[in-house]
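# Close look at the chain arrangement
The residues making up each chain are set out below.
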Amino acid sequence: MTSANAVVADLGHTIRVVREGQNVSLRELARRAGISASALSQIETGKTRPTVKTAYEIARQLGVRLTDLSAGATSLDGTGLPVAAGPFPPPVGHGDVVRNGLVAHLRQPVELIRREAQQVVDLQGGERFRVLSGHALPGANCLLLTYEPGATSPPGEEFVRHAGHEFNYLAAGRLVIEVGTERYELKPGDTLTFPATTPHRLSNPWEETAELVCVFVSSPGP
């Protein structure tokens with residue numbers, strides 16, 4: 001197994017551990033995340049790479065951050081205890097320790113994450129994400145998304161939608177972001193913000209790699 005495949009397998013394994021720790025069935029989580037049960041099963045076994053949007057929505061429905069899933073940890077405090085008790089709790093904040101379903105807040109407002117410590121995960125369709133934020137930025141997930149030439153997210157002609165809002169800043173290359181019926185071609189330095197509940201997709205039809213700083217701003221789950 002390559003290192004990239006190992007990371008994907010760890011991501012899927014962590015999703016399963018958190019889901020089972022919350023007593024949520026595979027079918028129920030798949031329904032809430034807007035994907036099929038078979039697709040979620042493939043993700044959990046490491047056989048399929050999710051898109052970053054799908055990974056984000058799974059994390060949101062589990063009440064954890066994408067950072068926690070991509071780290072491959074079985075619990076937020078490293079003890080092996082369930083991440084949360086009960087289905088779909090509010091997102092856990094930085095330094096929160098979960099024991100017996102209770103959250104103890106141990107706030108640390110300053111957080112430095114060295115580049116070598118940032119998780120990098122290869123996903124579907126030539127898409128890769130690097131986690132830029134940890135737990136010190138409540139309600140937001142900051143990612144550096146890389147799109148190789150020809151990459152699309154989600155793959156094919158499908159659009160994706162999820163809760164919250166997105167802020168996108170194109171750092172390098174060029175990128176197409178389609179939001180609803182509108183098509184936006186971004187150049188370096190451009191920003192695009194939109195409600196993530198609007199169907200959208202990203203693609204790189206050019207011959208240079210694109211790098212996008214994306215901030216997912218969460219909203220409460222259903």
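Here is a short report on the structure shown in this document. All values reported here derive from a predicted model rather than from experimental measurement. Within every chain, residues take consecutive numbers counted from 1 along the sequence as written. Two thresholds apply to this predicted model, a pLDDT of at least 70 for residue-level local features and 80 or more for giving and counting side-chain atom pairs, whereas whole-chain, interface and lining totals are computed over all residues. As a rule here, side-chain values cover all heavy atoms of the structure and leave hydrogens and water aside.

## Here's the deal with the sheet that holds strand 6 (residues 152-153)
Short version of the rule: Criterion used throughout: strands pair if DSSP finds at least two bridges between them. Each helix is a run of DSSP H or I of at least 4 residues and each strand a run of E of at least 2, with the numbering of both proceeding from the N terminus.
As summarised here, the arrangement of the four strands in space is 6-11-8-9, forming an open sheet in which the pairing is antiparallel. If you trace the sheet from one side to the other, it starts and ends with strand 6 and strand 9 (182-186), each paired once. Sheet analysis places strand 6 next to strand 11 (residues 200-203), joined by two bridges and oriented antiparallel. Bridged to T152 within strand 11 is S203.

## Describing the packing of helix 2 (residues 26-33) against helix 4 (residues 52-62)
Definition in use: Axis angles are defined between N-to-C directions and span 0 to 180 degrees, where every axis is a line fitted to C-alpha atoms and, for a helix, only to the segment in contact. Crossings are classed by handedness, with left-handed meaning an anticlockwise turn of the near helix from the far one by less than a right angle and right-handed meaning a clockwise turn. Whether two residues are in contact is decided by their heavy atoms: any pair within 4.5 Å suffices. Residues are grouped as follows: Ala, Val, Leu, Ile, Met, Phe, Trp, Tyr, Cys and Pro are nonpolar; Asp, Glu, Lys and Arg are charged; all remaining types, including Gly, are polar.
Orientation of helix 2 relative to helix 4, taken along the N-to-C sense of each, is 115°, at an axis distance of 9 Å. The element helix 2 and its partner helix 4 pack so that their crossing is right-handed. On helix 4, the residues that touch L29, R32 and A33 of helix 2 are E57, I58, Q61 and L62. By residue class, the composition of the contact of helix 2 with helix 4 is four nonpolar, one polar and two charged.

## What about the pattern of salt bridges?
This is how the line gets drawn: The salt bridge definition used is simple: a Lys or Arg side-chain nitrogen within 4 Å of an Asp or Glu carboxyl oxygen. Exposure is judged per residue with a 1.4 Å probe applied to protein chains only, and the accessible area is read against the type maximum: over 50% gives exposed, under 20% gives buried, and values in between give partly exposed.
For the coordinates displayed, the defined rule picks out 10 salt bridges. Between E28 and R32 there is a salt bridge, and its shortest N-O distance comes to 2.6 Å. With E28 and R32 both in helix 2, this residue pair falls four residues apart, about one helical turn. Taking relative accessible area as the criterion, E28 reaches 25% and is therefore assigned partly exposed.

## Section: the sheet that holds strand 12 (residues 210-217)
Hydrogen bonds between backbone atoms are what pair the strands of a sheet, whose relative direction is either parallel or antiparallel. The antiparallel open sheet is built from six strands, whose spatial order is 3-4-5-12-7-10. Two strands close off the open sheet at either side, each with one partner strand: strand 3 (120-122) and strand 10 (191-195). The average undirected angle you get between the axes of adjacent strands in this sheet is 20°. As judged from the five bridges shared by strand 7 (residues 165-172) and strand 10, these two strands associate in the antiparallel manner. If you follow E166 over to strand 10, its bridge partner there is F194. Against the sheet, helix 4 engages strand 4 (127-131), strand 5 (140-147), strand 7 and strand 12, with an angle of about 20° to strand 12.

## Describing unusual backbone geometry
In this structure, the amide linkage connecting S153 to the following residue, P154, adopts the cis form with an omega of 0°. Turning to its location among the elements, P154 is positioned in the loop between strand 6 and strand 7.

## A look at the nonpolar core
Selection rule: Grouping buried Ala, Val, Leu, Ile, Met, Phe, Trp, Tyr and Cys residues that are joined through side-chain atoms within 4.5 Å yields what is termed a nonpolar core.
If you look at the biggest cluster of nonpolar residues, it comprises 39 residues, and the most contacted ones within it are I15, I58, F129, I177 and L212. When residues of this core are assigned to their parent elements, the largest contribution, six residues, is made by helix 4. The contacts of L212, once residues within four sequence positions are left out, are L143, L144, L145, Y147, N168, Y169, L170, L175, I177, L186 and L202.

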